[in-house]
Structure formats: structure tokens, C-alpha cells
Amino acid sequence: MTKRVYNFYAGPATLPLPALEKAKEDLLNFENTGMSVMEISHRSKEWQNEMDAADALIRDLMKIPNDYQVLWLGGGASTQFLMTAVNLQVEGKPMEYINTGGWSSKAIKEAKLYGNVNVIASSEDDKFRYIPKDYNISDNAAYLHITSNNTLYGTEWHHWPTPPSDVPLVVDMSSDLIARPVNVKDYGAIYAGAQKNLGPAGVTLVIVREDLLNRVPENTPSMLKWSIHAEKGSMYNTPPVFPIYMCKQSLQYWKDFGGVEKIEKLNREKAKILYDVIDQSDGFYKGHAREDSRSLMNVTFTMASDEIESKCVTEGTKRDLIGLKGHRSVGGMRASIYNAMPIEGVRALAEFLTEFKESNQ
Ligand SMILES: *Cc1c(COP(=O)(O)O)cnc(C)c1O
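Cut-offs used in this document
- Residues numbered from 1 in each chain as written.
- Predicted model: local features only at pLDDT ≥ 70, side-chain atom pairs only at ≥ 80, totals over all residues.
- Heavy atoms only, no water.
- Near = heavy atom within 4 Å.
- Polar contact = N/O pair within 3.5 Å; in protein donor to acceptor, adjacent residues only side chain to side chain.
- Areas by Shrake-Rupley, 256 points an atom, 1.4 Å probe, with all protein chains shown as cover.
- Helix = DSSP H or I, 4+ residues; strand = E, 2+ residues; numbered from the N terminus.
- Nonpolar A, V, L, I, M, F, W, Y, C, P; charged D, E, K, R; others polar.
- Domains from an automatic or database assignment.
- Contact = heavy atoms within 4.5 Å.
- Buried area = accessible area lost by both parts, 1.4 Å probe.
- Salt bridge = Lys/Arg side-chain N within 4 Å of Asp/Glu carboxyl O.
- Pairing = 2+ DSSP bridges.
- Right-handed = clockwise from strand over helix to strand, strands pointing away.

Digging into the site of the ligand
Here comes step 1: Around the ligand, the structure places 13 residues, and the nearest of them are S78, T151, D172, Q195 and K196.
Here comes step 2: A77 has a polar backbone atom sitting 3.0 Å from an oxygen atom of the ligand.
Here comes step 3: In this structure, a nitrogen atom belonging to the ligand sits 2.6 Å away from a side-chain N or O atom of D172.
Here comes step 4: Coverage of the ligand by the protein chains reaches 88% of its 390 Å² of free accessible surface.
Here comes step 5: With 4 residues, the single largest contributor to the shell around the ligand is helix α3 (residues 76-88).
Here comes step 6: Its residues assigned to classes, the shell around the ligand comprises 3 nonpolar, 8 polar and 2 charged.

Okay, here's the thing in C-alpha cells:
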């Protein structure tokens with residue numbers, strides 16, 4: 001058996017083992033072509049079939065309606081920060097944002113390069129510990145943008161905003177895609193870098209309602225137009241074939257697992273195990289996020305001092321519990337427990353944290 005650890009890193013993150021094993025099996029000879037998937041032409045029928053299968057799987061898992069396009073693009077979620085503004089801005093209308101942390105802030109910064117941005121709410125006043133509840137969305141907004149799960153701070157939207165009917169809701173779901181069911185019809189566009197919940201780094205999924213593809217100004221550079229990528233089936237240029245292939249393997253795994261409702265159930269169970277340890281630790285572990293805003297994906301907490309936190313990280317590592325250090329902008333500790341983190345890993349971490357508390361309090 002190859003040695004595997006429990007990887008709590010925030011991204012790139014752990015992948016389903018069967019998906020990795022399938023890739024290992026296919027590596028030298030993809031679909032009997034005598035080539036790896038990295039070597040084969042992206043215009044070949046074998047590749048087209050693979051791409052179509054990835055598409056069908058995500059459509060099936062997320063129940064994506066037919067009037068939505070699915071795009072597989074390079075450039076990371078960070079490129080979608082600007083592509084959202086490029087594709088959805090409307091002359092004379094504000095682009096509205098809710099700022100819930102580092103990723104939202106970056107999205108806001110990029111949109112400001114393209115036009116008038118309104119930040120209608122922010123939780124920066126309390127170190128991004130919560131999801132704002134009081135805000136007014138303008139009737140004439142070009143769109144409303146939110147970040148559904150805040151990877152750095154460990155907060156997550158549990159009640160979606162409901163913008164006026166002609167204001168599309170755009171959501172960065174990079175760190176909680178297919179972690180719980182969503183009703184795609186409620187969104188104008190959804191995007192997600194793959195490397196947290198979907199597959200490896202290098203591909204970004206964009207799901208966009210077709211009528212919104214007409215907004216983009218004619219003179220926009222081709223690679224920045226969602227409409228061109230939609231028209232060309234995400235093959236306007238060479239797509240990131242290996243990352244898409246890996247996403248397909250992991251989507252197949254989740255389909256066989258039983259779909260998004262089952263994933264959510266497991267995610268709730270996993271998160272509860274860790275939040276219970278935090279809440280029952282008499283303040284030895286302090287949760288960063290407010291309870292009503294807690295993330296099912298990134299469990300953030302602090303301890304009494306930097307020293308004790310680094311000791312905890314070091315001892316965790318010795319037990320093959322890897323990647324527990326918090327993000328540099330927040331400090332503290334973070335356990336990322338995305339879809340592919342097995343519940344056994346979460347139990348092992350909970351057991352370790354309980355013992356660590358007993359021997360260090
Ligand atoms: C990781 C992350 C990003 C950045 O993704 P890249 O693919 O590295 O550009 C954006 N948004 C959220 C919510 C993230 O977690």
C-alpha cells in the first residue's frame with residue numbers, strides 16, 4: 001500500500017482515492033489509444049467523449065437546466081473575478097458585491113477596473129466572522145456577486161440572497177461546489193476553481209444562464225468572452241485536458257456515491273464532529289466564525305498562543321494529519337474537510353484534538 005495521509009490543506013486538496021487510482025491505471029494508455037490523456041489530440045473523438053462525459057456528470061449531479069451553459073476554462077477562479085465584470089457589466093448600472101473575506105475582496109478589486117462597483121455589505125468590521133444579513137440590493141444592479149464559502153475565514157452562506165428578478169446572482173462556489181444541493185435556476189452564473197471540491201488545479205468550471213451571454217461588448221478580447229467559450233464547447237483553445245479528465249473521474253465517484261444530497265449529509269456529519277470538539281473544549285479551542293455562519297468545508301479556530309498552535313500543527317503532522325495551519329491572513333488553525341475528506345480522517349483529527357487539549361491545558 002502506498003502511504004496516504006489525511007490532508008487538511010485548503011487547496012489543492014484531497015481527491016477521492018478511486019479517482020486517483022483510475023488515473024494511475026489510465027496514465028500510459030487512455031481508452032486504448034496507446035497514449036496518455038495528456039498526449040492525445042483534444043480534437044480526437046476519445047477526448048470529445050471524455051469532455052462530454054464530464055459535462056453530463058456535472059449537469060446530472062447539479063441538475064443544471066438546459067438553458068445554462070457549462071464551461072471548462074483555464075486561469076483559475078481568479079480569472080473569473082474579472083471575467084464576471086467583463087461579461088456581465090451593463091453601461092450605467094452598478095455591479096454589486098457583498099464582501100465576506102479575502103476572495104470577495106479580490107473579486108471586488110478586479111470589477112472596479114471595469115466600472116462602478118457598489119459594496120452593499122461587508123463583514124470586515126468583525127474580521128469576516130459572519131455572513132451579513134442586512135443589505136439592500138439595487139433594482140438596477142447589473143448583478144450581485146457573493147462568495148458562497150469563505151475558505152480563509154471559515155464562513156459560508158446558509159440563506160442565499162434573493163435579488164430582484166432581473167438582477168442575476170453570481171456566486172463564487174470555488175470551495176463548496178457540489179458540497180450541498182443548490183437550485184441552479186436561482187443563479188445567473190456560478191464559477192469554481194476545481195482544486196477544492198472538484199479535481200486538481202488548472203481548470204475552472206463556469207455555469208452561466210444562456211441569455212446572459214449576450215451582454216458582452218463586441219470588442220472584448222476573445223479569451224475573455226464566455227460566449228466564445230460556450231459557442232466552441234470550451235475548445236476555442238486547447239482546454240486543460242488533464243485537469244478536466246481528473247474532474248471527470250472525481251465526478252464519476254460522486255455520482256456512484258449517490259449524489260449531492262448524500263454528499264451534504266456526510267459533510268454535515270463531518271463538520272459537526274469538529275465543531276463539537278471546539279464547542280466542548282471549554283475555550284481551549286475558539287471557533288473563528290460565528291455559529292450561524294460556520295462553514296461545512298473549512299473549520300477555523302484559534303488557541304491561546306501562537307506557540308501552542310504551532311505545537312498542535314507539529315504534533316498533528318506526526319500523526320499524518322497534514323495542513324492544519326490557518327491562512328496567513330487569519331492565523332490560527334484551519335481544517336479543510338472538503339467532500340473528498342473521509343469521515344475517518346475527521347474522526348482521527350477530532351481524537352487528536354481532544355487528546356492534545358487534555359495534555360496541554
Ligand atoms: C481558492 C479560491 C479562489 C482562487 O482560486 P484560483 O483557482 O487559485 O484562482 C477563489 N475563490 C475562492 C472562494 C477560493 O476558495
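Further notes follow.
Considerations on the domain arrangement of the protein
Here comes step 1: The domains assigned to the protein are domain 1 (18-257) and domain 2 (259-360).
Here comes step 2: Between the C-alpha centres of domain 1 and domain 2 there is a distance of 27 Å.
Here comes step 3: The partner domain 2 presents 27 residues to the 30 residues of domain 1 that form the contact.
Here comes step 4: Note on domain 1 versus domain 2: buried area summed over both sides is about 2500 Å², and carbon and sulfur give 53% of it.
Here comes step 5: Linking domain 1 with domain 2 are 3 salt bridges, by the criterion used here.
Here comes step 6: Of the charged contacts in the structure, one is a salt bridge between D292 and K133, with a shortest N-O distance of 2.6 Å.
Here comes step 7: Inspection of the region where domain 1 meets domain 2 yields 18 residue pairs in polar contact (both at pLDDT 80 or more).
Here comes step 8: At the level of elements, β6 (149-150), β7 (155-156) and α6 (241-257) are the ones that each hand at least two residues to the side of domain 1 that touches domain 2.
Here comes step 9: For the side of domain 1 that touches domain 2, the leading source of residues is α6, giving 3 residues.
Here comes step 10: In terms of residue class, the side of domain 1 that touches domain 2 is made up of 12 nonpolar, 8 polar and 10 charged.

With respect to the pairing of strand β4 (residues 117-122)
Here comes step 1: Relative to β4, strand β3 (residues 95-99) runs parallel, the two sharing 5 bridges. When the bridges of β4 are listed, M95 appears paired with V117.
Here comes step 2: Read as a crossover between parallel neighbours, the route from β3 over helix α4 (residues 102-112) to β4 is right-handed.

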